[in-house]
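Breakdown of the fold
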Amino acid sequence: MKTLVLVEHDNSSVKDATLSTVTAASKLGEVHLLVAGKGCAGVADAAAKIAGVGKVHLADDAAYEHQLAENLAPLIVDLMGHHDAFLAPATTTGKNVAPRVAALLDVMQVSEIIGIEGDKTFVRPIYAGNAIATVESSDPKLVITVRGTAFDKAASEGGAGTVEAVSGAGDAGLSTFQGSELAKSERPELTSAKVIVSGGRALKDSETFKELIFPLADKLNAGVGASRAAVDAGYVPNDFQVGQTGKIVAPEVYIAVGISGAIQHLAGMKDSKTIIAINKDEDAPIFQVADIGLVGDLFKIVPELTGKL
Amino acid sequence: MKILVPVKRVIDYNVKPRVKADGTGVDLANVKMSMNPFDEIAVEEALRLREKGAATEVIAVSVGPAKATETLRTALAMGADRAILVQTDDEVEPLAVAKILKAIADAEAPGLVILGKQAIDDDSNQTGQMLAALMGRPQGTFANEVTVEGDSVTVKREIDGGLETVKLSLPAIVTTDLRLNEPRYASLPNIMKAKSKPLDTKSPADYGVDTAPRLKTVKVNEPPVRQAGIKVADVDELVGKLKALGIA
Ligand SMILES: Cc1cc2nc3c(=O)[nH]c(=O)nc-3n(C[C@H](O)[C@H](O)[C@H](O)COP(=O)(O)OP(=O)(O)OC[C@H]3O[C@@H](n4cnc5c(N)ncnc54)[C@H](O)[C@@H]3O)c2cc1C
Ligand SMILES: Nc1ncnc2c1ncn2[C@@H]1O[C@H](COP(=O)(O)O)[C@@H](O)[C@H]1O
């Protein structure tokens, strides 16, 4: 089988989510990559070094700079003329583009797989991870998004892929990129952090969240996450949300502070290796999944903990 | 401008789903069902656009069993003008739902179709993007803010790194994220009024769509269960544990 993997990047470097998708693709067959962007030749060169990669298709065009699905999908559909499977990371970019490709190919996408059981058989969580389905595709081609936490990262060095320029139709004339507000942070990125400290509704407001959660995270060199309630209340931006409809994380250690443990939150973090919960309610559902729990008032516990680390 | 809002009847988000003992799926017998939460947000957004004068009519559509009528009545009680039930007892995959919606969009010519970003049962996150592809129209997924101006719509999107804004030419497809709005509750008088609003019933065959599944469910399992661990008595003990884990 020949697979085509969408490389996630910002026109300057390959994002980590690509690496686990490459691992998934390599279980199906030969791995080719697509780097679509603007001024992204450096990304293609870096992508060619990923272990196990064959050809890297490089589509360098202003129309692909911001990964607009309307422009990318026809390019991918073209390339699928000589590939059997298209795989994208289950990031907001992958989730935006892949179904558009699937519909154009008249294929039912297999979303957010966590396992591969055969050429056409995949494992994926449904109902916020409360059930795990094994599904078999009957489509002639496959379109798949891959949950990053479920597959090891391919080595980013050691491959000897070759870069080949491709051109597509470019701008479909349907959409334009207007701008973005991207959070800049010195802290580790959520989806690759070894340790995560997450705060919930109990943190009261944005100032309190900053005063309590950030210093603790800094002591542990941790990424910072949040529950939906904390995001909705404006304590932190949307990209902090961990859960069924936010980010899926699986760090070595996940520390939930003032988070009750609703199923939608658990869906995003219950594959963490060690879960630590701090909550004043000893019956909070988070304690049913926590390896280590501390019952008490976070406003006392967190400053004391940060001070003692 | 008309707005089409597809709404799915799903397990209520407060219910903890249980896998059937025979491994064929999730037990939905006697389980509370509701409108997919993202679809409530979609209905709300459509209503706000109508109230602002950007739209003239809001049409709710559901593909599902006869009981999905309840979901459509909820949309009507919130304020949608009319509804279409595409009735089937089969489970219809996103690709087939998108094909049915495409046929309805061809007939109704809406300026916007607003869907949820994700159904909380299949967690597919596909239907809106697929519909956009089939219609050959632009998509503004995971919307945090939607502004209609003239013949375009500007959508602020929730993405992994933060927020991104795109401008799409109409007609366009939008899918909702959690922060787009807070859906209203239907008032009692509106629930009564909804009973007399028009609700058409169709079948997938009326739209010439084959709903045979492309994905066969081989089995459905319980996820591995996590055991509750230990409780520590105080911060000192917690610090000790963090040290033992090698992170402090
Ligand atoms: C469609 C949909 C999608 C969703 N997606 C997500 C998602 O992706 N991620 C997500 O997180 N949620 C999601 N949710 C929301 C989810 O259902 C919960 O509402 C949310 O996770 C609750 O957040 P919380 O635990 O911070 O708040 P709460 O449930 O209010 O819990 C606050 C906790 O803090 C504790 N507490 C209060 N004061 C203190 C104190 N002084 N010291 C210590 N502890 C204290 C309380 O005991 C309580 O357990 C979704 C919901 C829906 C409907
Ligand atoms: N059977 C259905 N009937 C109506 N709308 C649906 C149906 N299935 C999916 N949708 C719409 O598509 C969105 C995304 O669903 P999904 O792609 O299944 O995650 C939902 O939030 C609904 O707006």
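Residues numbered from 1 in each chain as written. Chains lettered and ligands numbered in written order. Predicted model: local features only at pLDDT ≥ 70, side-chain atom pairs only at ≥ 80, totals over all residues. Heavy atoms only, no water.

1. Here's the deal with the interface of chain A and chain B
One widely used convention gives an interface's size as the accessible area the parts lose upon coming together. The criterion, for reference: Residue contacts are defined here by distance: any two heavy atoms, one from each residue, within 4.5 Å place the two residues in contact. Using a 1.4 Å probe, buried area is obtained as the accessible area two parts lose upon being combined, added over both of them. Criterion for a salt bridge: a side-chain nitrogen of Lys or Arg within 4 Å of a carboxyl oxygen of Asp or Glu. In the analysis that follows, any N or O atom pair within 3.5 Å is treated as a polar contact, provided that within protein one partner can donate a hydrogen and the other can accept it, and provided that, for residues neighboring in sequence, both atoms belong to side chains. Polar here means any residue other than Ala, Val, Leu, Ile, Met, Phe, Trp, Tyr, Cys and Pro, which are nonpolar, and Asp, Glu, Lys and Arg, which are charged; Gly is therefore polar. Two strands make a pair as long as DSSP finds a minimum of two bridges between them. Secondary structure elements follow DSSP: runs of H or I of four or more residues count as helices, runs of E of two or more count as strands, with numbering from the N terminus.
Counting residues at the interface gives 84 residues for chain A, matched by 78 residues for chain B. A buried area of about 6800 Å², summed over both sides, lies between chain A and chain B, and 55% of it is on carbon and sulfur atoms. Where chain A touches chain B, the interface holds eight salt bridges. Where chain A touches chain B, the interface holds 48 residue pairs in polar contact (both at pLDDT 80 or more). Here the residues of the side of chain A that touches chain B are counted per class, giving 38 nonpolar, 26 polar and 20 charged. One ladder, built from six bridges, connects strand β8 (residues 131-137) of chain A with strand β12 (residues 215-221) of chain B; its direction is antiparallel. Residue Thr134 of chain A lies in a different strand from β12 of chain B, and its bridge partner there is Lys219 of chain B.

2. Quick word on the pattern of salt bridges
Let me state the cut-off plainly: When accessible area is computed with a 1.4 Å probe and restricted to protein chains, residues below 20% of their type maximum are described as buried, those above 50% as exposed, and intermediate ones as partly exposed.
A complete count under the given rule lists 31 salt bridges over all chains for this structure. Between Glu181 of chain A and Lys156 of chain B there is a salt bridge, and its shortest N-O distance comes to 3.4 Å. Placement of Glu181 of chain A in strand β11 (residues 175-182) and of Lys156 of chain B in strand β8 (residues 152-159) is noted, with the two residues assigned to different chains. Looking at Glu181 of chain A, the relative accessible area reads 44%, which means it is partly exposed. Between Asp218 of chain A and Arg187 of chain A there is a salt bridge whose closest N-O contact spans 2.8 Å. Here the residue Asp218 of chain A occupies a position in helix α5 (residues 206-219), and Arg187 of chain A occupies one in the loop between β11 and β12 (195-199), the gap between them amounting to 31 residues. Take Asp218 of chain A: its relative accessible area is 45%, and that puts it in the partly exposed class. Take Arg187 of chain A: its relative accessible area is 24%, and that puts it in the partly exposed class. Because the salt bridges share partners, they merge into one network encompassing Asp106 and Asp139 of chain A together with Lys99 and Arg214 of chain B.

3. Thoughts on helix α4 (residues 127-135) of chain B
With eight of nine residues buried, α4 of chain B lies mostly within the body of the structure. Every buried residue of α4 of chain B is listed here: Thr127, Gly128, Gln129, Met130, Leu131, Ala132, Ala133 and Met135 of chain B. Taken together, the buried residues of α4 of chain B touch α4 (92-104) of chain A together with α3 (94-108), β6 (112-116), β7 (139-149) and β10 (172-176) of chain B. Gly136 of chain B occupies a position one or two residues after α4 of chain B and carries a positive phi of about 65 degrees.

4. Focus on helix α2 (residues 68-78) of chain B
Those residues of α2 of chain B lying buried are Ala68, Thr71, Leu72, Ala75, Leu76, Ala77 and Met78 of chain B. Count one or two residues on from α2 of chain B and you reach Gly79 of chain B, which has phi positive near 140 degrees.

5. Observations concerning the confidence of the model for chain B
Keep in mind that low pLDDT regions are not for reading the predicted coordinates in detail. To keep things clear, this is the line we draw: Along the chain, pLDDT gives the predictor's confidence residue by residue, from 0 to 100.
Mean pLDDT over chain B works out to 97, with 100% of the residues at or above the 70 mark. Scored as a whole, the predicted complex attains pTM 0.97, and scored at its interfaces, ipTM 0.97.

6. A few points about the site of ligand 1
Note the threshold: Put simply, a residue is near a molecule or strand once any heavy atom of it comes within 4 Å of that molecule or strand.
What surrounds ligand 1 is a group of 29 residues, the closest being Arg201, Ser227, Gln241, Ser260 and Asn279 of chain A. Chain contributions to the surroundings of ligand 1 come from chains A and B. A distance of 3.4 Å separates an oxygen atom of ligand 1 from a polar atom in the backbone of Gly246 of chain A. Here Leu298 of chain A contributes a backbone N or O atom positioned 2.9 Å from a nitrogen atom of ligand 1. Of all elements in the fold, only α6 (228-232), α7 (263-269) and α8 (298-308) of chain A together with α1 (37-51) of chain B reach the threshold of two or more residues within the shell around ligand 1. Residues of the shell around ligand 1, tallied by class, amount to 11 nonpolar, 13 polar and five charged.

7. Description of the site of ligand 2
Residue and element names in this part refer to chain B. Taken together, 19 residues form the shell around ligand 2, and within it Asp39, Val63, Ala119, Asn125 and Thr127 come nearest. A distance of 3.0 Å separates an oxygen atom of ligand 2 from a polar atom in the side chain of Asp122. Here Asn125 contributes a backbone N or O atom positioned 2.8 Å from an oxygen atom of ligand 2. Where the shell around ligand 2 is concerned, the elements lending two or more residues are β4 (57-64), α3 and β6. Considering every element that reaches the shell around ligand 2, the biggest residue donor is β4, with three residues. Across the shell around ligand 2, the residue classes tally to eight nonpolar, eight polar and three charged.

8. Notes on the sheet that holds strand β9 (residues 162-169) of chain B
Under the convention used in this document: To define axes, lines are fitted to C-alpha atoms, for helices over the stretch in contact only, and angles between the resulting N-to-C directions are given on a 0 to 180 degree scale.
If you trace the 10 strands from one edge of the open sheet to the other, you get β11(A)-β9(B)-β8(B)-β7(B)-β10(B)-β6(B)-β1(B)-β4(B)-β5(B)-β11(B), paired in mixed fashion. Of all the strands in the sheet, the pair left with one neighbour each is β11 of chain A together with β11 (199-202) of chain B. Pairwise comparison of adjacent strand axes, ignoring direction, gives a mean angle of 25 degrees for this sheet. The pairing of β7 of chain B with β8 of chain B spans six bridges and is antiparallel. Residue pairing for β8 of chain B: Val148 of chain B is matched across the bridge by Val153 of chain B. Taken strand by strand, α2 of chain B contacts β4, β5 (82-87) and β11 of chain B, and its axis lies near 165 degrees from that of β5 of chain B.

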